[in-house]
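Residue strings, one per chain:
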Amino acid sequence: MHDGGPFRPGLEDVVVAESALSWVDGEGGRLVVRGHAIEALAPLGFEAVCGLLWDGLLPDPARAAALRRGIAAGRVAAFRALERVLPVLDAADAMDALRASVAALASAGEPPEATRFRLTGAMAVYAAAWHRRRAGLAPLAPDPERAHADDLLRMLRGRGPTPARARGLDAYLVTVAEHGMNASTFTARVVASTRSDAVSAIVAALGSLKGPLHGGAPGPVLDMLDAIGRAEAAPAWLRAELAAGRRIMGLGHRVYRVRDPRAAVLETALAELERAGERSRYLALARAVERAAVAALDERRPERRLRTNVEFYTAVLLDALGVPRDLFTPVFAAGRVAGWLAHVAEETAVARLIRPSLRYVGPPV
Ligand code: COA
């Protein structure tokens, strides 16, 4: 009644592609992007890491300047298309708005690099524009002189960020830019494998990222910290959640059996913010909740080793940078789009349709 090999629910451990883009070392707790440890990439800046992902090597100064200009031009082009996307930008949910407005972009007729710039620009511009309109304010035009992270925060908050905040968001965008065969990257690759266009692949990836098991977790992490309120309340609160069968947001991972290395990179960014005098209102509580959550999960599931994932400190960092919590996932997309686009290019070069099989368990003929 069925064809094909063994069935692995969730495709766990199934290799579905070869990629030169990144290695997620689940046992060693390392993330390597094109041969570079994530810790070393964080200070280099988002545009440089786009170059690494898209070109295959870190940019020299001339290429770095071209990437910065190109991505800035992408922001300007996305802002020019704003009138066209306004009818769908005012959705109640920020990810619905981002998905619909990116879907409204033209899909063909330009070199792949121009599309990459436009899509990267669009994530930042439409995420910020959604927030401004929701607050009854006019969206701000991009400033092409600024670096991408700096301009994203400026368009969002209405004024240029402090250098420490701009660096903090830059480190965040780099940290989440690329991460192996996660659900949204797989989605983008499936679409690219049909020889569809990059805009369609990115729209599909946005739909996948939205889910709370993937990119939708950081908002609920802050909701959890608010609900817990103070460190002493954490153990009982977490145990009650687990007893009720609910998952603790920001913990657990399909690949990592140790703490997600990106959590440490984000903690470093938070420490730098604190050194610059910008204290996070959640950091101390988050650290206590992390300890209590790991203890509670170890107690409940000693065999699985559920540890902190990237979303936990994403929530704390983005909050400290002044990003509203319903924009956490769109801002995640603003970083991850770099990786999606690199995977789209890689999959396009493979030119083999992704078409797995299923095991039929319906009624017999
Ligand atoms: N809290 C409580 N229980 C958890 C958990 C969490 N955060 N993460 C996993 N578990 C449980 C699962 O419910 C599962 O229990 P079951 O066997 O009784 O069904 C068991 O641990 C094994 O789960 P696992 O196979 O490791 O999870 P997964 O690979 O299917 O899912 C996540 C990985 C990330 C989806 C999962 O850990 C999760 O839902 N985490 C919370 C959401 C989150 O932070 N998402 C962001 C990911 S970067």
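This report concerns the structure included in the present document. Bear in mind that the values here come from a model prediction, so they are computed numbers and not experimental data.

To continue, consider the overall build of the protein. Secondary structure summary: the protein contains 16 helices and three strands in total. Against the compact-globule benchmark of 21 Å for 365 residues, the protein has a radius of gyration of 20 Å, which places it among compact chains. Within the protein, buried positions represent 52% of all 365 residues. The averaged location of the 41 negative side-chain charges in the protein is 2 Å from the averaged location of its 47 positive side-chain charges.

For strand β1 (residues 22-25) and strand β2 (residues 30-33), the ladder comprises four bridges, and the chain directions are antiparallel. By the bridge assignment for β2, Ser22 is matched with Val33. In this structure, the hairpin formed by β1 and β2 is closed by a connection of four residues, where Gly29 is found at a positive phi of approximately 70°.

Here we take up a nonpolar patch on the surface. Together, Leu11, Val14, Val16 and Met181 make up a nonpolar patch on the protein surface, roughly 280 Å² of accessible area in all. Relative to the assigned elements, Met181 resides in the loop between α8 (163-175) and α9 (183-193). Of the residues examined, Met181 reaches a relative accessible area of 34% and is grouped as partly exposed.

The next thing to look at is the packing of helix α11 (residues 218-228) against helix α12 (residues 234-243). At a minimum axis distance of 10 Å, the contact between α11 and α12 shows a crossing angle of 125°. Judged by the angle between their axes, α11 and α12 are oblique. For the element pair α11 and α12, the recorded crossing hand is right-handed. Residues Met224, Ala227 and Ile228 of α11 form the contact with α12, whose own contacting residues are Ala234, Trp237 and Leu238. For the contact of α11 with α12, the class distribution of residues is six nonpolar, no polar and no charged.

A positive phi angle, close to 55°, is found at Leu11, a residue other than glycine. In this model, Asp13 sits at a positive phi of 65°, which is unusual for a non-glycine residue. Following the sequence through the fold, Asp13 ends up in the segment before β1. The exposed category is assigned to Asp13, whose relative accessible area is 66%.

Further remarks concern the nonpolar core. With 114 residues, the main nonpolar core has Trp54, Val102, Met123, Tyr126, Leu169, Tyr172 and Leu238 as its most contacted residues. Apart from residues lying up to four places away in sequence, Leu238 is in contact with Met224, Ile228, Ile248, Val289, Ala292, Ala293 and Ala296.

About the thresholds
- Residues numbered from 1 in each chain as written.
- Predicted model: local features only at pLDDT ≥ 70, side-chain atom pairs only at ≥ 80, totals over all residues.
- Heavy atoms only, no water.
- Helix = DSSP H or I, 4+ residues; strand = E, 2+ residues; numbered from the N terminus.
- Rg over C-alpha atoms; globule rule 2.2 N^0.38 Å.
- Buried < 20%, exposed > 50% of the residue type's maximum accessible area, 1.4 Å probe, protein only.
- Lys, Arg positive; Asp, Glu negative; His and termini not counted.
- Charge placed at Lys NZ, Arg CZ, Asp CG, Glu CD.
- Pairing = 2+ DSSP bridges.
- Patch = residues over 30% accessible without salt bridge, like charges linked within 9 Å, V, L, I, M, F, W, Y side chains within 5 Å.
- Areas by Shrake-Rupley, 256 points an atom, 1.4 Å probe, with all protein chains shown as cover.
- Salt bridge = Lys/Arg side-chain N within 4 Å of Asp/Glu carboxyl O.
- Axes fitted to C-alpha atoms, helices over the stretch in contact; angles between N-to-C directions.
- Parallel < 35°, antiparallel > 145°, perpendicular 65-115°, else oblique.
- Left-handed = near helix turned anticlockwise from the far one by under 90°.
- Contact = heavy atoms within 4.5 Å.
- Nonpolar A, V, L, I, M, F, W, Y, C, P; charged D, E, K, R; others polar.
- Core = buried A, V, L, I, M, F, W, Y, C linked by side-chain atoms within 4.5 Å.

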